[in-house]
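Next come the chains, spelled out residue by residue.
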Amino acid sequence: PELIQLLRDPDPSVQGASGRALAELKDASTAPKIIAFLREGDAGLRCLAASALAWEGNAAAVGALARLALDEKEESVRECVIDGLKKIGAASALPELLAGLRDKEAAVRAASAFGLGPIFQHEAAAEEIGKLLKDEAASVRSKAAEALEY
């Protein structure tokens, strides 16, 4: 509980340390409290909360992260959320990651493509990732090619 409160600390280094510690603990009981941070504070805090929830098998966080992947306005936070879904490895996040492939921001398209690669051996995912090989942004083409290596 004290670590969760440190996410509100005014010092970004303290926030970061508490977020990393929460992710290392992999305690499902903290997920609801951390999820509350996904919708408040600045982009850095929201990204930190997404990262703190991003550990393999954390099913409690999938729904909240998936919704945020579609609704979040800040590109950097969407990237953190997509990375979190990738780390969790939840097949239920497939629709959100596929939607991320069509995001207007190249960084989000790239993160979505890369997130789909190692997790989802799914025909729809491979087809959509393949389309990104012709994306205007080199970073997207690169991450799409990496994703298809899996």
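Residues numbered from 1 in each chain as written. Predicted model: local features only at pLDDT ≥ 70, side-chain atom pairs only at ≥ 80, totals over all residues. Heavy atoms only, no water.

Visitor: Can you tell me about the overall build of the chain, naming the residues and giving the values?
Guide: Along its length, the chain carries 10 helices and zero strands. For the chain, the sequential pattern of α-helices and β-strands runs α-α-α-α-α-α-α-α-α-α. Scaling as 2.2 N^0.38, a compact globule of 150 residues should have a C-alpha radius of gyration of about 15 Å, and the chain matches this with 15 Å. The principal-axis extents of the C-alpha atoms in the chain amount to approximately 45 × 25 × 20 Å. The proportion of buried residues among the 150 residues of the chain is 47%. Counting only contacts in the chain whose residues sit at least 6 apart along the sequence, the fraction spanning at least 24 positions is 58%. Averaging the coordinates of the 18 positive side-chain charges in the chain and doing the same for the 24 negative ones gives two points 2 Å apart. (Helix = DSSP H or I, 4+ residues; strand = E, 2+ residues; numbered from the N terminus. Rg over C-alpha atoms; globule rule 2.2 N^0.38 Å. Buried < 20%, exposed > 50% of the residue type's maximum accessible area, 1.4 Å probe, protein only. Contact = heavy atoms within 4.5 Å. Lys, Arg positive; Asp, Glu negative; His and termini not counted. Charge placed at Lys NZ, Arg CZ, Asp CG, Glu CD.)

Visitor: For the packing of helix α2 (residues 12-25) against helix α4 (residues 43-53), give the residues involved together with the corresponding values.
Guide: Contact geometry for α2 and α4: axes closest at 7 Å, N-to-C directions at 20 degrees. For the element pair α2 / α4, the angle class is roughly parallel. The crossing of α2 and α4 is right-handed. Touching Gln15, Gly16, Gly19, Leu22 and Ala23 of α2 are Leu48, Ser51 and Ala52, all from α4. For the contact of α2 with α4, the class distribution of residues is four nonpolar, four polar and no charged. (Axes fitted to C-alpha atoms, helices over the stretch in contact; angles between N-to-C directions. Parallel < 35°, antiparallel > 145°, perpendicular 65-115°, else oblique. Left-handed = near helix turned anticlockwise from the far one by under 90°. Nonpolar A, V, L, I, M, F, W, Y, C, P; charged D, E, K, R; others polar.)

Visitor: Tell me about the environment of Lys87, residues and numbers included.
Guide: Among the structural elements, Lys87 can be located in helix α6 (residues 75-88). Lys87 gets classed as partly exposed once you look at its relative accessible area, which sits at 44%. Note: C-alpha distance between Lys87 and Pro10 (77 residues apart in sequence) is 28 Å. In this structure, Lys87 is in contact with Ala54, Trp55 and Glu56, ignoring residues within four places of it in sequence.

Visitor: Outline the side chain of Arg78, listing residues and values.
Guide: Take Arg78: it is sitting in helix α6. Taking relative accessible area as the criterion, Arg78 reaches 5% and is therefore assigned buried. Side-chain polar atoms of Arg78 contact the backbone oxygen of Glu72, separated by 3.0 Å. (Polar contact = N/O pair within 3.5 Å; in protein donor to acceptor, adjacent residues only side chain to side chain.)

Visitor: So what's going on with α4? Residues and values would help.
Guide: With nine of 11 residues buried, α4 lies mostly within the body of the structure. Among all positions in α4, only Ala43, Leu45, Arg46, Cys47, Leu48, Ala49, Ala50, Ala52 and Leu53 are buried. Close packing links the buried residues of α4 with α2, α3 (31-35), α5 (59-71) and α6.

Visitor: Tell me about unusual backbone geometry, and please be specific about residues and values.
Guide: Negative phi characterises most residues that are not glycine, and trans characterises most peptide bonds. In the Ramachandran plot, Lys26 falls in the positive-phi region, its phi being about 50 degrees despite a non-glycine side chain. Among the structural elements, Lys26 can be located in the loop between α2 and α3.

Visitor: Tell me about the pattern of salt bridges, and please be specific about residues and values.
Guide: One pass over the structure, following the stated rule, counts nine salt bridges. Linking Glu40 and Arg8 is a salt bridge whose minimum nitrogen-to-oxygen distance equals 2.6 Å. Here Arg8 lies in the loop between α1 (2-6) and α2 and Glu40 lies in the loop between α3 and α4, a separation of 32 residues in the sequence. Residue class for Glu40 comes out partly exposed when judged on its relative accessible area of 27%. Relative accessible area serves as the criterion here: at 49%, Arg8 is assigned to the partly exposed category. (Salt bridge = Lys/Arg side-chain N within 4 Å of Asp/Glu carboxyl O.)

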